[in-house]
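Examination of the molecular architecture
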Amino acid sequence: MAQAQPASQDASDVPRAVGTIALSSKSRAGRSHIDRFRTSGASKVTFPRRTDALEGIFLNTSGGLTGGDKFSASFTAGAHSNLVLSTQAAERGYRSHSGPAQVRTQLTVETDASLHWLPQELIAFDGINLDRQLDIEMAEGAELVAVEAVVFGRRAMGETRIKGQLNDRITLRQNGTVVYWDKIALKGAISQQLERPAIAAGMTALASVLYVGPRAQALLPKIRDTLPATGGASLVTPDVLTIRVLAQDSFLMRQTLVPLLHRLTDTTLPRSWSL
(Lines give C-alpha, C1' and ligand atoms only; values in the text may rest on other atoms or scores of the structure.)
Protein backbone atom coordinates (compact mmCIF):
# COMPACT_ATOMS: atom_id res chain seq x y z
CA MET A 1 0.00 0.00 0.00
CA ALA A 2 1.40 3.40 -0.97
CA GLN A 3 2.29 5.67 1.91
CA ALA A 4 0.49 9.01 2.19
CA GLN A 5 2.67 11.94 1.19
CA PRO A 6 2.83 14.94 3.51
CA ALA A 7 0.94 17.95 2.18
CA SER A 8 3.15 20.79 1.04
CA GLN A 9 2.96 23.85 3.24
CA ASP A 10 2.49 27.18 1.54
CA ALA A 11 4.69 30.02 2.81
CA SER A 12 1.57 32.02 3.66
CA ASP A 13 0.49 29.27 6.12
CA VAL A 14 3.67 29.54 8.20
CA PRO A 15 3.05 31.24 11.57
CA ARG A 16 4.33 34.82 11.62
CA ALA A 17 5.71 36.98 14.42
CA VAL A 18 3.36 39.43 16.12
CA GLY A 19 4.30 41.86 18.87
CA THR A 20 2.77 44.83 20.69
CA ILE A 21 4.06 47.35 23.23
CA ALA A 22 2.21 50.04 25.17
CA LEU A 23 4.37 52.14 27.50
CA SER A 24 3.89 55.53 29.11
CA SER A 25 5.92 57.52 31.62
CA LYS A 26 4.91 59.90 34.39
CA SER A 27 6.65 62.41 36.60
CA ARG A 28 6.63 61.88 40.35
CA ALA A 29 8.76 63.70 42.92
CA GLY A 30 10.96 65.11 40.17
CA ARG A 31 11.77 61.75 38.56
CA SER A 32 10.31 59.80 35.63
CA HIS A 33 8.62 56.46 36.30
CA ILE A 34 6.54 53.85 34.46
CA ASP A 35 2.90 54.87 34.31
CA ARG A 36 1.37 52.11 32.14
CA PHE A 37 3.13 49.16 30.56
CA ARG A 38 2.00 46.16 28.52
CA THR A 39 3.70 43.84 26.02
CA SER A 40 2.65 40.79 24.08
CA GLY A 41 4.06 38.31 21.59
CA ALA A 42 7.60 38.81 20.29
CA SER A 43 8.01 42.34 21.70
CA LYS A 44 9.91 42.71 24.99
CA VAL A 45 11.19 45.71 26.97
CA THR A 46 13.88 46.03 29.63
CA PHE A 47 14.45 49.07 31.86
CA PRO A 48 18.06 49.98 32.70
CA ARG A 49 18.52 52.00 35.87
CA ARG A 50 18.71 55.70 35.18
CA THR A 51 18.02 58.80 37.29
CA ASP A 52 17.47 61.53 34.68
CA ALA A 53 14.84 59.67 32.60
CA LEU A 54 12.86 56.48 32.22
CA GLU A 55 14.84 54.40 29.73
CA GLY A 56 13.31 51.49 27.82
CA ILE A 57 15.26 49.07 25.64
CA PHE A 58 12.95 47.05 23.41
CA LEU A 59 13.68 43.99 21.32
CA ASN A 60 12.09 41.66 18.80
CA THR A 61 12.59 38.11 20.10
CA SER A 62 11.73 36.60 16.70
CA GLY A 63 15.16 37.70 15.48
CA GLY A 64 14.08 39.92 12.60
CA LEU A 65 11.29 41.01 10.27
CA THR A 66 9.91 38.95 7.40
CA GLY A 67 6.70 38.64 5.38
CA GLY A 68 3.51 38.63 7.41
CA ASP A 69 5.09 39.93 10.64
CA LYS A 70 3.07 42.60 12.41
CA PHE A 71 4.53 44.78 15.14
CA SER A 72 2.89 47.79 16.78
CA ALA A 73 4.02 50.01 19.60
CA SER A 74 2.67 53.03 21.45
CA PHE A 75 4.99 55.14 23.62
CA THR A 76 3.87 58.20 25.60
CA ALA A 77 6.02 60.63 27.54
CA GLY A 78 3.57 61.95 30.11
CA ALA A 79 3.52 65.60 31.14
CA HIS A 80 6.82 66.80 32.66
CA SER A 81 8.48 63.37 32.30
CA ASN A 82 11.52 62.23 30.30
CA LEU A 83 11.37 59.03 28.24
CA VAL A 84 14.35 57.51 26.38
CA LEU A 85 13.78 54.58 24.00
CA SER A 86 16.25 52.44 22.10
CA THR A 87 16.77 48.88 20.87
CA GLN A 88 19.04 46.13 22.13
CA ALA A 89 20.55 45.62 18.67
CA ALA A 90 20.07 46.53 15.03
CA GLU A 91 16.80 45.27 13.54
CA ARG A 92 17.00 42.95 10.53
CA GLY A 93 14.67 42.98 7.56
CA TYR A 94 14.90 39.54 5.94
CA ARG A 95 13.80 38.15 2.60
CA SER A 96 10.02 37.90 2.35
CA HIS A 97 8.00 35.36 0.38
CA SER A 98 4.54 36.27 1.68
CA GLY A 99 3.94 40.00 1.50
CA PRO A 100 5.32 42.84 3.61
CA ALA A 101 6.22 42.91 7.26
CA GLN A 102 4.34 45.75 8.97
CA VAL A 103 5.71 47.97 11.74
CA ARG A 104 3.60 50.75 13.25
CA THR A 105 4.90 53.05 15.99
CA GLN A 106 3.05 55.88 17.73
CA LEU A 107 4.97 58.42 19.82
CA THR A 108 3.11 60.94 22.00
CA VAL A 109 4.94 63.72 23.87
CA GLU A 110 2.75 65.57 26.32
CA THR A 111 3.13 69.08 27.75
CA ASP A 112 6.67 69.94 28.92
CA ALA A 113 7.81 66.33 28.42
CA SER A 114 10.77 65.03 26.41
CA LEU A 115 11.09 61.87 24.37
CA HIS A 116 14.24 60.49 22.77
CA TRP A 117 13.47 57.90 20.07
CA LEU A 118 16.85 56.25 19.41
CA PRO A 119 16.42 52.80 17.83
CA GLN A 120 19.51 51.34 16.22
CA GLU A 121 19.61 50.92 12.48
CA LEU A 122 17.53 48.60 10.33
CA ILE A 123 19.67 46.26 8.21
CA ALA A 124 17.90 45.57 4.92
CA PHE A 125 18.74 42.11 3.56
CA ASP A 126 18.29 41.08 -0.06
CA GLY A 127 14.60 40.38 -0.68
CA ILE A 128 13.32 42.69 2.09
CA ASN A 129 9.65 43.68 1.98
CA LEU A 130 8.85 46.11 4.78
CA ASP A 131 6.12 48.69 5.37
CA ARG A 132 7.06 50.89 8.34
CA GLN A 133 5.34 53.95 9.76
CA LEU A 134 6.27 56.31 12.59
CA ASP A 135 3.61 58.78 13.80
CA ILE A 136 4.58 61.48 16.30
CA GLU A 137 2.14 63.73 18.19
CA MET A 138 3.54 66.59 20.28
CA ALA A 139 1.94 69.01 22.71
CA GLU A 140 2.90 72.55 23.69
CA GLY A 141 6.36 72.82 25.23
CA ALA A 142 7.32 69.22 24.38
CA GLU A 143 10.79 68.23 23.13
CA LEU A 144 11.78 65.39 20.81
CA VAL A 145 14.90 63.78 19.40
CA ALA A 146 14.20 61.01 16.88
CA VAL A 147 16.39 58.97 14.56
CA GLU A 148 15.54 56.37 11.91
CA ALA A 149 18.49 54.72 10.16
CA VAL A 150 18.66 52.08 7.42
CA VAL A 151 21.64 50.13 6.09
CA PHE A 152 21.20 48.31 2.77
CA GLY A 153 23.12 45.03 2.71
CA ARG A 154 26.25 43.96 4.54
CA ARG A 155 29.44 45.07 2.82
CA ALA A 156 31.62 42.96 5.13
CA MET A 157 29.70 39.85 4.01
CA GLY A 158 29.81 40.77 0.33
CA GLU A 159 26.06 41.46 0.20
CA THR A 160 26.03 44.63 -1.87
CA ARG A 161 23.28 44.07 -4.46
CA ILE A 162 19.93 44.46 -2.73
CA LYS A 163 16.53 43.96 -4.27
CA GLY A 164 13.19 44.26 -2.51
CA GLN A 165 10.72 46.84 -1.30
CA LEU A 166 10.84 49.41 1.51
CA ASN A 167 8.10 51.92 2.36
CA ASP A 168 9.16 54.07 5.30
CA ARG A 169 7.09 57.04 6.53
CA ILE A 170 7.46 59.61 9.31
CA THR A 171 4.66 62.04 10.25
CA LEU A 172 5.06 64.74 12.91
CA ARG A 173 2.12 66.68 14.34
CA GLN A 174 2.21 69.56 16.76
CA ASN A 175 -1.08 70.27 18.52
CA GLY A 176 -2.84 68.19 15.86
CA THR A 177 -1.31 69.96 12.83
CA VAL A 178 1.06 68.13 10.46
CA VAL A 179 4.36 70.05 10.34
CA TYR A 180 6.65 67.37 8.89
CA TRP A 181 6.05 64.40 6.58
CA ASP A 182 8.77 62.24 5.08
CA LYS A 183 8.59 59.11 2.93
CA ILE A 184 11.21 56.78 1.52
CA ALA A 185 9.85 54.41 -1.13
CA LEU A 186 12.24 52.00 -2.83
CA LYS A 187 11.17 49.04 -4.94
CA GLY A 188 12.96 46.57 -7.18
CA ALA A 189 16.72 46.94 -7.69
CA ILE A 190 17.33 49.05 -4.58
CA SER A 191 21.14 49.08 -4.86
CA GLN A 192 20.97 50.39 -8.42
CA GLN A 193 18.60 53.15 -7.33
CA LEU A 194 20.92 54.15 -4.49
CA GLU A 195 23.74 54.61 -6.99
CA ARG A 196 21.91 57.47 -8.68
CA PRO A 197 23.44 60.86 -7.75
CA ALA A 198 20.05 62.37 -6.89
CA ILE A 199 19.22 59.55 -4.46
CA ALA A 200 22.31 58.39 -2.55
CA ALA A 201 25.30 58.60 -4.94
CA GLY A 202 26.32 55.04 -4.06
CA MET A 203 25.97 55.36 -0.29
CA THR A 204 24.41 52.31 1.41
CA ALA A 205 23.56 53.78 4.84
CA LEU A 206 21.14 56.62 5.52
CA ALA A 207 19.65 58.24 8.60
CA SER A 208 16.87 60.74 9.18
CA VAL A 209 17.06 62.76 12.40
CA LEU A 210 14.53 65.16 13.92
CA TYR A 211 14.93 67.62 16.74
CA VAL A 212 11.82 69.47 17.93
CA GLY A 213 12.15 72.02 20.68
CA PRO A 214 13.29 75.50 21.70
CA ARG A 215 16.97 74.88 20.82
CA ALA A 216 16.36 74.17 17.12
CA GLN A 217 17.54 77.51 15.70
CA ALA A 218 20.59 77.67 17.96
CA LEU A 219 21.54 74.09 17.09
CA LEU A 220 21.34 74.50 13.31
CA PRO A 221 24.76 76.16 12.65
CA LYS A 222 26.50 73.88 15.17
CA ILE A 223 25.04 70.78 13.56
CA ARG A 224 25.97 71.94 10.05
CA ASP A 225 29.58 72.45 11.17
CA THR A 226 29.84 68.82 12.32
CA LEU A 227 28.17 67.11 9.34
CA PRO A 228 30.17 65.45 6.54
CA ALA A 229 29.75 66.43 2.90
CA THR A 230 27.09 63.70 2.63
CA GLY A 231 24.90 65.25 5.34
CA GLY A 232 22.57 68.22 5.53
CA ALA A 233 20.37 70.07 8.03
CA SER A 234 17.57 72.62 7.76
CA LEU A 235 14.75 74.20 9.74
CA VAL A 236 11.21 73.20 8.84
CA THR A 237 9.79 75.67 11.37
CA PRO A 238 11.61 77.72 14.02
CA ASP A 239 11.43 74.77 16.42
CA VAL A 240 11.70 71.80 14.01
CA LEU A 241 15.18 70.82 12.83
CA THR A 242 15.58 68.03 10.27
CA ILE A 243 18.86 66.29 9.44
CA ARG A 244 19.76 63.70 6.79
CA VAL A 245 23.01 61.71 6.82
CA LEU A 246 24.38 59.39 4.12
CA ALA A 247 27.41 57.11 4.58
CA GLN A 248 29.18 54.23 2.88
CA ASP A 249 28.38 51.77 5.69
CA SER A 250 26.89 51.52 9.17
CA PHE A 251 30.17 52.16 11.02
CA LEU A 252 30.84 55.41 9.18
CA MET A 253 27.22 56.44 9.71
CA ARG A 254 27.55 55.84 13.46
CA GLN A 255 30.72 57.92 13.54
CA THR A 256 28.54 60.85 12.50
CA LEU A 257 25.38 59.93 14.40
CA VAL A 258 26.85 59.29 17.86
CA PRO A 259 28.33 62.80 18.41
CA LEU A 260 25.32 64.31 16.66
CA LEU A 261 22.86 62.57 18.99
CA HIS A 262 24.99 63.49 22.01
CA ARG A 263 24.64 67.15 21.05
CA LEU A 264 20.91 66.94 20.34
CA THR A 265 19.97 65.00 23.47
CA ASP A 266 22.41 66.89 25.72
CA THR A 267 22.61 63.74 27.86
CA THR A 268 23.99 60.21 27.99
CA LEU A 269 23.03 57.95 25.10
CA PRO A 270 21.84 54.40 25.78
CA ARG A 271 24.75 51.98 26.12
CA SER A 272 23.72 50.18 22.92
CA TRP A 273 24.84 53.26 20.94
CA SER A 274 28.49 52.89 21.99
CA LEU A 275 30.87 52.66 19.02
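Quick summary incoming for the structure in this document.

Rules used in this analysis
- Residues numbered from 1 in each chain as written.
- Predicted model: local features only at pLDDT ≥ 70, side-chain atom pairs only at ≥ 80, totals over all residues.
- Heavy atoms only, no water.
- Helix = DSSP H or I, 4+ residues; strand = E, 2+ residues; numbered from the N terminus.
- Polar contact = N/O pair within 3.5 Å; in protein donor to acceptor, adjacent residues only side chain to side chain.
- 1 Å grid on protein atoms, 1.4 Å probe; cavity = no way out; pocket = protein on both sides within 12 Å on 5 of 7 lines; lining within 4 Å.
- Points joined across faces, edges and corners; volume = space filled by probe spheres on them.
- Buried < 20%, exposed > 50% of the residue type's maximum accessible area, 1.4 Å probe, protein only.
- Arc of directions from axis to C-beta.
- Contact = heavy atoms within 4.5 Å.
- Salt bridge = Lys/Arg side-chain N within 4 Å of Asp/Glu carboxyl O.
- Phe/Tyr/Trp six-rings, centres within 6.5 Å; stacked < 30°, edge-to-face > 60°.
- Expected span 1.5 Å × (residues − 1).
- Core = buried A, V, L, I, M, F, W, Y, C linked by side-chain atoms within 4.5 Å.
- Pairing = 2+ DSSP bridges.
- Nonpolar A, V, L, I, M, F, W, Y, C, P; charged D, E, K, R; others polar.

Mapped onto the elements, Ser 208 comes out in strand β15 (residues 205-212). Here the side chain of Ser 208 touches Arg 244 through a polar contact of 2.3 Å, side chain to side chain.

Under the defined criterion, the tally for this structure stands at 2 cavities of 30 Å³ or more. Of the volumes computed, that of the largest cavity is approximately 60 Å³. Residue lining of the largest cavity: Arg 132, Glu 148, Ala 149, Val 150, Asp 168, Ile 170, Asp 182, Ile 184, Leu 206 and Ser 208, and that is the complete set. Mapped onto the lining of the largest cavity, the elements with two or more residues apiece are β12 (143-152), β13 (163-174), β14 (177-189) and β15.

Among the residues of helix α2 (residues 216-226), those classed as buried are Ala 216, Leu 219, Leu 220 and Ile 223. Along the axis of α2, the buried positions cluster into a sector of 120°, meaning they face one direction only. More than 90 degrees from the buried face of α2, the exposed residues found are Gln 217 and Asp 225. Considering only its buried residues, α2 is in contact with β15, β16 (231-237), β17 (240-247) and α3 (250-265).

Turning next to the environment of Ala 90. Positionally, Ala 90 belongs in the loop between β6 (82-87) and β7 (91-93). The exposure class of Ala 90 is buried, given its relative accessible area of 15%. Along the primary structure Ala 90 and Phe 37 are separated by 53 residues, whereas in three dimensions their C-alpha atoms are 23 Å apart. When residues no more than four places from it in sequence are discounted, the contact partners of Ala 90 are Gln 120, Glu 121 and Ile 123.

So, on to the pattern of salt bridges. One pass over the structure, following the stated rule, counts 13 salt bridges. The partner of Asp 52 in a salt bridge is Arg 50, with the nearest N and O atoms 2.7 Å apart. Among the charged side chains, a network of salt bridges with common partners joins Arg 50, Asp 52 and Glu 55.

Let us now look at unusual backbone geometry. A positive phi is found at Ala 201, a non-glycine position, where the angle reads about 55°. Mapped onto the elements, Ala 201 comes out in the loop between α1 (190-194) and β15. Residue classification places Ala 201 among the partly exposed positions, given a relative accessible area of 49%.

Applying the stated criterion across every chain yields a total of 5 aromatic pairs. Considering the side-chain rings of Phe 58 and Phe 75, the 5.6 Å spacing of their centres and the 35° angle between planes classify their relative orientation as tilted. Note that Phe 58 is positioned in strand β4 (residues 54-60) and Phe 75 in strand β5 (residues 70-77), a separation of 17 residues in sequence. Per residue, the accessibility class of Phe 58 equals that of Phe 75, and both read buried. Of the residues examined, Phe 75 reaches a relative accessible area of 0% and is grouped as buried. Three or more aromatic residues joined by ring pairs make a cluster, and in this case those are Phe 58, Phe 75 and Trp 117.

A word on α3. Taking 1.5 Å of rise per residue, 16 residues should cover 22 Å, and α3 covers 21 Å from first to last C-alpha, within 8% of that figure. Turning to α3, its buried residues number three or more, namely Met 253, Arg 254, Thr 256, Leu 257, Val 258, Leu 260, Leu 261, Leu 264 and Thr 265. For α3, the N-terminal cap is Asp 249; the gap from its side-chain oxygen to the backbone nitrogen of Phe 251 is 3.2 Å. The positive-phi residue at the C-terminal boundary of α3 is Asp 266, with phi of around 55°.

As a further point, take the nonpolar core. Among the nonpolar cores identified, the biggest contains 29 residues, and Ile 223, Leu 241, Ile 243, Leu 257 and Leu 264 are the most heavily contacted of them. In contact with Leu 241, not counting residues within four places along its chain, are Val 209, Leu 210, Tyr 211, Ala 216, Leu 219, Leu 220, Ile 223, Ala 233, Ser 234, Leu 235 and Leu 264. Counting residues in hydrophobic clusters, the runner-up holds 27 residues, among them Leu 54, Ala 77, Ala 113 and Met 138.

Along a regular strand, successive side chains alternate from one face of the sheet to the other. Here strand β8 (residues 101-109) shows a clear split, with Ala 101, Val 103, Thr 105, Leu 107 and Val 109 buried on one side and none of Gln 102, Arg 104, Gln 106 and Thr 108 buried on the other. The pairing of β8 with strand β11 (residues 128-138) spans 9 bridges and is parallel. Across the sheet, the residue bridging to Thr 108 is Glu 137, located in β11.

For the rest of this paragraph, the subject is the layout of surface pockets. Counted as a void, the largest pocket has a volume near 530 Å³. Forming the boundary of the largest pocket are 30 residues, of which Phe 58, Leu 59, Asn 60, Thr 87 and Glu 91 lie nearest the centre. Breaking the lining of the largest pocket down by element, the ones donating at least two residues are β4, β5, β7, β8 and β11. The leading source of residues in the lining of the largest pocket is β11, at 4 residues. In the lining of the largest pocket, the residues fall into 15 nonpolar, 10 polar and 5 charged.

Just geometry here; none of it tells us what the structure is for.
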